[in-house]
Amino acid sequence: MAYPGGTTQDPHNRAGIVAAMVQRSFAGPIANVFAFAVFLFGTDLLEQHPLATSLFLGLLTLRLLGRVVFTYVRGKRVPAGEPPLWLIGLSAYALSLPTGCYAAFVLHSNGYEGWNTVLMYVFVMVCAISGTTALAPHLRLGLGYQASLLSPVVVTSLVTDGVHRWVGASSAILFAAYAVMQAIRQNAEYWNAQAANDALRCRAQELEVAQAAAAAASEAKSRFLANMSHEIRTPMNGVLGMLELVLRSDLSAGQRQDLGCARDSAQSLLVLLNQILDHAKAEAGRLELEQMDFSVREVVRSAAAPFHFQAAEKRIALNCNVEPSVPQCLRGDPTRLRQIIINLVANALKFTTSGSIEVAVRVESVTAQRVLLSFHVTDSGPGIPPDKLETIFDAFSQADSSITRRFGGTGLGLTICRDLVELMGGRIRVESQPGRGSVFSFTAMFTMPSGEKRETEPARAEPPVCTPLRVLIAEDNVVNQKILMRILQTSGHSVVVAEDGLQAVARFSESPFDVVLMDVQMPRMDGLQATRQIRATAGREVPIIGVTAGATPAELAACFEAGMNSCITKPVDISRLQELLARV
């Protein structure tokens with residue numbers, strides 16, 4: 001900051017002052033070139049006063065050459081640095097003193113009449129104005145410049161005889177006062193601008209620190225959620241796996257019903273975990289869409305299938321209507337589309353106690369490469385109050401504070417639907433009237449398949465028959481070992497278990513296997529390192545199926561990069577695992 005008078009004791013501020021004055025004064029020496037031309041070719045001052053004019057022009061020449069040399073040297077120095085303040089003052093006074101004294105000499109010699117005096121007055125005013133701007137950062141230097149430039153002219157105008165004496169003297173005094181006021185004003189404006197610039201710089205630094213802190217917090221939250229995903233999915237795999245195995249055994253009707261309730265509760269916990277992870281990824285901008293060919297009709301059918309039993313229990317009609325104009329095959333992300341439909345149907349079924357629910361799909365627009373579809377989920381539930389429609393898609397928001405207590409849920413389902421729809425290039429909205437139900441509708445953009453379009457629905461393949469295989473299971477969790485062993489042994493496979501990656505590599509080298517189930521996170525050596533070692537030493541391509549509690553695209557991509565052929569996430573879907581083994 002500036003001290004009174006525009007000076008400073010801070011060496012950093014002093015350097016800033018000098019740098020500002022150097023930058024502002026570059027136009028001055030250039031103006032001297034025009035001054036030379038005017039004095040030599042526009043006046044007869046050299047003829048009238050050869051000695052004084054020659055001395056004046058010589059001083060201007062020396063000042064101009066000095067500035068050229070200084071600029072050249074300063075540009076060659078690395079770092080450039082800045083000249084001392086006294087050198088800036090010397091350069092300023094090298095212009096103001098000779099100019100003021102020479103102008104006073106011309107005025108005293110020629111009087112107020114004549115072109116030469118008028119020209120000198122104009123030159124003095126130009127020097128005063130340019131000097132005020134160049135020296136604005138340093139008030140004392142600026143005032144000294146004005147005093148040395150204008151004082152000789154003012155004094156001479158007062159003592160010079162002539163008709164226009166008082167007019168000339170008054171003009172010189174008024175202009176001197178104006179130049180001093182301008183120097184003070186521009187100095188204040190300069191330091192006010194510096195203060196504002198410093199405040200903006202400090203604010204920018206604070207924002208950078210805050211941004212770095214927010215990024216670190218986001219990264220820490222992502223790591224926490226990834227760790228929690230693994231820690232929760234691993235025991236959930238044991239819970240769901242054991243329940244599924246028990247449900248496949250001989251049970252009484254009451255036992256099957258009780259275990260079914262336990263399985264449904266465990267699956268609800270898994271849905272909650274997936275919603276929290278999806279919301280975190282959406283906040284971090286890490287939600288990604290896959291691109292594959294799929295059937296919209298099959299996605300709608302499979303999304304609605306799990307709800308038909310619940311709808312029948314509540315005596316609610318659940319209908320799906322896909323218009324014939326919807327192409328049989330499109331390219332996009334069927335998993336995320338299914339997730340949106342499941343969330344909306346589950347939401348409708350949760351609040352609807354009678355009537356019907358309909359899922360409708362139609363074409364909004366179509367081009368040679370893209371198709372925009374609109375999806376509508378209509379229910380006959382209680383409806384949503386008008387004042388809640390604006391916040392229905394906000395995170396952790398419910399239309400009624402009692403909804404969580406009555407029906408459960410986090411209020412994240414609709415938020416995730418909105419994020420996914422926007423990723424698909426569409427928009428989601430809701431229309432509702434209390435007592436008359438609600439209509440949730442969204443649009444989504446898909447592309448035509450890269451190959452030939454399928455005009456008919458593909459026939460559903462029968463479940464493949466799996467021949468007995470020799471399977472190596474690399475898994476450190478005892479419960480998960482038992483689940484995988486029971487699943488595989490029930491299907492007629494022979495199983496060998498390794499408790500970590502090192503054992504898996506050793507077991508693999510001891511005897512041949514048809515397939516390897518490789519857990520990703522294990523002690524001593526993880527599944528990724530074990531897979532790389534097996535790929536480096538195996539004489540033949542043995543299929544390796546990764547089993548991971550991580551659900552992010554980056555974690556799945558790491559599995560394939562390590563050399564795994566496919567990957568399944570925990571909790572393990574038994575039918576999906578059997579399908580992969582059947583392909584082997």
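So, here's what we can say about the structure. What you see is a predicted model, and the numbers here were worked out from it, not measured in a lab.

What counts and what doesn't
Residues numbered from 1 in each chain as written. Predicted model: local features only at pLDDT ≥ 70, side-chain atom pairs only at ≥ 80, totals over all residues. Heavy atoms only, no water. Helix = DSSP H or I, 4+ residues; strand = E, 2+ residues; numbered from the N terminus. Buried < 20%, exposed > 50% of the residue type's maximum accessible area, 1.4 Å probe, protein only. Contact = heavy atoms within 4.5 Å. Areas by Shrake-Rupley, 256 points an atom, 1.4 Å probe, with all protein chains shown as cover. Salt bridge = Lys/Arg side-chain N within 4 Å of Asp/Glu carboxyl O. 1 Å grid on protein atoms, 1.4 Å probe; cavity = no way out; pocket = protein on both sides within 12 Å on 5 of 7 lines; lining within 4 Å. Points joined across faces, edges and corners; volume = space filled by probe spheres on them. Nonpolar A, V, L, I, M, F, W, Y, C, P; charged D, E, K, R; others polar. Axes fitted to C-alpha atoms, helices over the stretch in contact; angles between N-to-C directions. Left-handed = near helix turned anticlockwise from the far one by under 90°.

Thoughts on the overall build of the protein chain
Next, step 1: If you tally the helices and strands in the protein chain, you get 19 helices and 12 strands.
Next, step 2: Looking at the protein chain as a whole, 41% of its 584 residues qualify as buried.
Next, step 3: Here the analysis covers contacts within the protein chain between residues at least 6 apart in sequence; of these, 72% occur between residues at least 24 apart.
Next, step 4: Total accessible area on the protein chain is roughly 30,800 Å²; 59% of this is exposed by carbon and sulfur atoms.

Here's the deal with unusual backbone geometry
Next, step 1: Positioned with a positive phi, R315 is a non-glycine residue whose angle comes to about 55 degrees.
Next, step 2: By the element assignment, R315 lies in the loop between α11 (308–313) and β2 (316–322).
Next, step 3: For R524, which is not glycine, the phi dihedral falls at a positive 65 degrees.
Next, step 4: You can see R524 is positioned in the loop between β10 (515–519) and α17 (527–537).
Next, step 5: Overall, R524 belongs to the exposed group, its relative accessible area being 63%.

A short note on the pattern of salt bridges
Next, step 1: Summed over the entire model, instances satisfying the criterion amount to 9 salt bridges.
Next, step 2: With a shortest N-O distance of 3.0 Å, D500 and R524 are connected by a salt bridge. Within this pair, whereas D500 is found in the loop between β9 (494–498) and α16 (501–510), its partner R524 is found in the loop between β10 and α17, the two being separated by 24 residues in sequence.
Next, step 3: Salt-bridge contacts for E579 lead to R576; the nearest nitrogen and oxygen are separated by 4.0 Å.

Details of empty space enclosed by the protein
It is the rolling of a water-molecule-sized probe over the atoms that shows where space remains empty.
Next, step 1: Applying the stated criterion to the full structure yields 3 cavities of 30 Å³ or more.
Next, step 2: Put simply, the largest cavity is a space of about 40 Å³.
Next, step 3: Lining the largest cavity are A103, L107, T117, M120, Y121, V124 and V153.
Next, step 4: Only α5 (85–110) and α6 (115–134) provide two or more residues apiece to the lining of the largest cavity.
Next, step 5: Per-element accounting of the lining of the largest cavity gives the leading share, 4 residues, to α6.
Next, step 6: Classifying every residue of the lining of the largest cavity gives 6 nonpolar, 1 polar and no charged.

Describing the environment of Q578
Next, step 1: Tracing the backbone shows Q578 in helix α19 (residues 574–583).
Next, step 2: Those residues in contact with Q578, other than ones at most four positions away along the chain, are R248 and S491.

Notes on the packing of helix α12 (residues 334–351) against helix α14 (residues 413–423)
Next, step 1: The contact between α12 and α14 brings their axes to 10 Å, and the two run at 145 degrees. Considering the relative orientation of α12 and α14, their crossing is left-handed. Residue-level contacts link R336, Q339, I340, N343, L344 and N347 of α12 to G413, L414, I416, C417, L420 and V421 of α14.
Next, step 2: Residue classes in the contact of α12 with α14 are distributed as 7 nonpolar, 4 polar and 1 charged.

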